Amino acid sequence: MVLKLKCRAKINLAIDVLGKREDNYHLVEMIMQTIDLYDCVSIEEINSGIVIESENPDVPLDSKNIAYKAAKLIKDKFNIDKGIKIKIEKNIPVAAGLAGGSANAGAVLVGLNELWDLKLGKYEIMDMGLNLGADVPFCIMGGAALACGIGEKLTRINGLDNVYILICKPDIFVSTAWVYNNLDISKLNKRPNIKFLLNCLDKKDIYNLSNNMVNVLESVTESNYPQIKDIKKKMIEYKALGSMMSGSGPTVFGIFDDFDCAKHAKENLEKLYKQTYLVKTYKGGIEVE
Ligand SMILES: C[C@](O)(CO)[C@H](O)COP(=O)(O)OP(=O)(O)OC[C@H]1O[C@@H](n2ccc(N)nc2=O)[C@H](O)[C@@H]1O
Ligand SMILES: Nc1ncnc2c1ncn2[C@@H]1O[C@H](COP(=O)(O)OP(=O)(O)OP(=O)(O)O)[C@@H](O)[C@H]1O
């Protein structure tokens with residue numbers, strides 16, 4: 001039996017960093033939003049081992065793949081001696097700040113729970129996901145959330161409802177660890193007002209939301225990669241209500257209230273940056289087909 005799952009990318013509408021834990025992970029306050037840009041992950045039982053298949057050359061096919069780690073975690077925890085073949089059809093840009101790998105890992109946990117009838121509840125799966133990465137629990141939950149702790153303490157919130165999001169990823173590689181390690185918390189001059197932004201979401205005021213988004217990681221990535229400023233400037237020129245870097249970057253997103261403006265922006269940005277996608281925000285998370 002082959003089980004097929006869709007797993008979606010996220011953007012961050014706000015990121016604040018409040019401190020650092022002893023293990024060097026940072027304490028954050030973030031607004032997370034799922035978007036309808038998804039990878040298709042199919043899983044199939046085999047006799048032994050963990051096999052990863054993907055046609056995208058940027059996706060590792062060995063134990064470095066976070067989907068491999070997810071399968072190993074389940075196999076070890078439940079002493080399962082059967083193997084698994086995981087096929088990843090990538091649509092989410094890799095190393096983008098969109099949590100594509102985390103979404104794949106989430107899909108494997110959700111899929112194996114079903115395939116092997118493990119009877120884990122959603123929160124148990126999310127807890128297991130945290131062992132793989134800070135973004136994994138949110139990818140499993142989906143929709144929109146306020147994320148605290150290192151990103152795992154999630155409170156469901158009213159998110160953006162069917163709003164156009166233009167995603168634009170410059171062709172550069174940014175390491176999440178490098179960005180966090182180069183952030184000087186004592187020197188942050190602009191921080192998000194999370195309460196205000198949550199209030200905007202409650203009132204469906206996407207104009208004030210778009211104008212007041214802040215990601216404190218942006219200045220770190222931006223200082224090394226001028227493309228980020230360039231894309232943000234162009235998004236606004238093309239009439240985005242607001243534009244910001246997602247996660248640790250380098251993807252920049254723009255929020256649009258008008259389809260024609262969003263389409264025009266896409267057509268122009270993709271001449272310079274080929275990984276440009278026009279999508280909408282999404283209410284769900286991982287879905288079994
Ligand atoms: C930037 C975001 O994508 C925003 O949603 C997340 O905070 C990062 O989540 P992620 O990529 O799932 O993070 P992980 O794979 O767990 O960690 C990658 C690296 O990022 C740093 N890291 C991550 C999350 C966090 N709260 N503090 C950190 O300092 C750590 O150096 C870690 O070694
Ligand atoms: N299943 C996977 N899909 C994509 N990349 C993967 C996967 N497994 C491991 N990787 C490795 O992880 C790195 C980060 O990829 P990913 O697409 O998850 O980044 P991201 O969007 O920045 O994630 P996040 O926002 O959670 O930090 C890549 O450089 C890639 O080599």
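- As recorded in an unreviewed UniProt entry, the chain goes by 4-diphosphocytidyl-2-C-methyl-D-erythritol kinase and comes from Tepidibacter thalassicus DSM 15285.
- For the chain, the Sequence similarities (unreviewed entry) comment in UniProt is given as "Belongs to the GHMP kinase family. IspE subfamily."
- The record in UniProt for the chain states the following under Pathway (unreviewed entry): "Isoprenoid biosynthesis; isopentenyl diphosphate biosynthesis via DXP pathway; isopentenyl diphosphate from 1-deoxy-D-xylulose 5-phosphate: step 3/6."

1. Describing the overall build of the chain
Here is step 1: For the chain, the helix and strand inventory stands at 10 helices and 11 strands.
Here is step 2: For the chain, whose C-alpha radius of gyration is 19 Å, the value lies close to the compact-globule estimate of 19 Å for 289 residues.
Here is step 3: Its C-alpha atoms give the chain principal-axis dimensions of about 55 × 40 × 35 Å.
Here is step 4: Split into buried and exposed, the 289 residues of the chain put 46% on the buried side.
Here is step 5: Restricting to contacts in the chain with at least 6 residues of sequence separation, those with at least 24 account for 72%.

2. Here's the deal with the pairing of strand β2 (residues 26-46)
Regular strands place their side chains on alternate faces of the sheet.
Here is step 1: Summarising the sheet, strand β1 (residues 2-20) and β2 pair through 16 bridges and their orientation is antiparallel. Directly across from Lys10, in β2, lies its bridge partner Thr34.
Here is step 2: In this sheet, strand β5 (residues 144-148) lies alongside β2 in antiparallel orientation, the contact comprising 4 bridges. Across the sheet, residue Ile31 finds its bridge partner in β5, namely Leu146.
Here is step 3: Of the pairings in the sheet, the one linking β2 to strand β4 (residues 83-89) comprises 7 bridges and is antiparallel in character. Directly across from Ser42, in β4, lies its bridge partner Lys87.

3. Notes on the UniProt feature "domain: GHMP kinase C-terminal" (unreviewed entry) in the chain
Here is step 1: Residues annotated in UniProt with the feature "domain: GHMP kinase C-terminal" (unreviewed entry) correspond here to residues 202-274.
Here is step 2: As annotated, residues 202-274 has a helix share of 53% and a strand share of 12%, and its two end C-alpha atoms lie 34 Å apart.

4. As for the site of ligand 1
Here is step 1: Taken together, 20 residues surround ligand 1, and among them His26, Gly133, Asp135, Tyr180 and Gly247 come closest.
Here is step 2: Mapped onto the shell around ligand 1, the elements with two or more residues apiece are β1, β2 and α5 (176-181).
Here is step 3: Per-class residue counts for the shell around ligand 1 are 9 nonpolar, 10 polar and 1 charged.
Here is step 4: The two domains that each donate at least three residues to the shell around ligand 1 are domain 1 (2-157) and domain 2 (164-280).

5. Quick word on the site of ligand 2
Here is step 1: As a matter of local geometry, ligand 2 sits amid 22 residues, with Ala99, Gly100, Gly101, Asn104 and Asp135 nearest to it.
Here is step 2: Only α1 (66-77) and α2 (100-115) provide two or more residues apiece to the shell around ligand 2.
Here is step 3: Broken down by element, the residue count for the shell around ligand 2 peaks at 4 residues, all from α2.

Here is what the cut-offs are and how they apply
- Residues numbered from 1 in each chain as written.
- Chains lettered and ligands numbered in written order.
- Predicted model: local features only at pLDDT ≥ 70, side-chain atom pairs only at ≥ 80, totals over all residues.
- UniProt positions renumbered as here; feature names shortened; annotations may be inferred.
- Helix = DSSP H or I, 4+ residues; strand = E, 2+ residues; numbered from the N terminus.
- Rg over C-alpha atoms; globule rule 2.2 N^0.38 Å.
- Buried ≥ 20, exposed ≤ 12 C-beta atoms within 10 Å, placed from the backbone.
- Contact = placed C-beta atoms within 7 Å.
- Pairing = 2+ DSSP bridges.
- Near = placed C-beta within 6 Å.
- Nonpolar A, V, L, I, M, F, W, Y, C, P; charged D, E, K, R; others polar.
- Domains from an automatic or database assignment.

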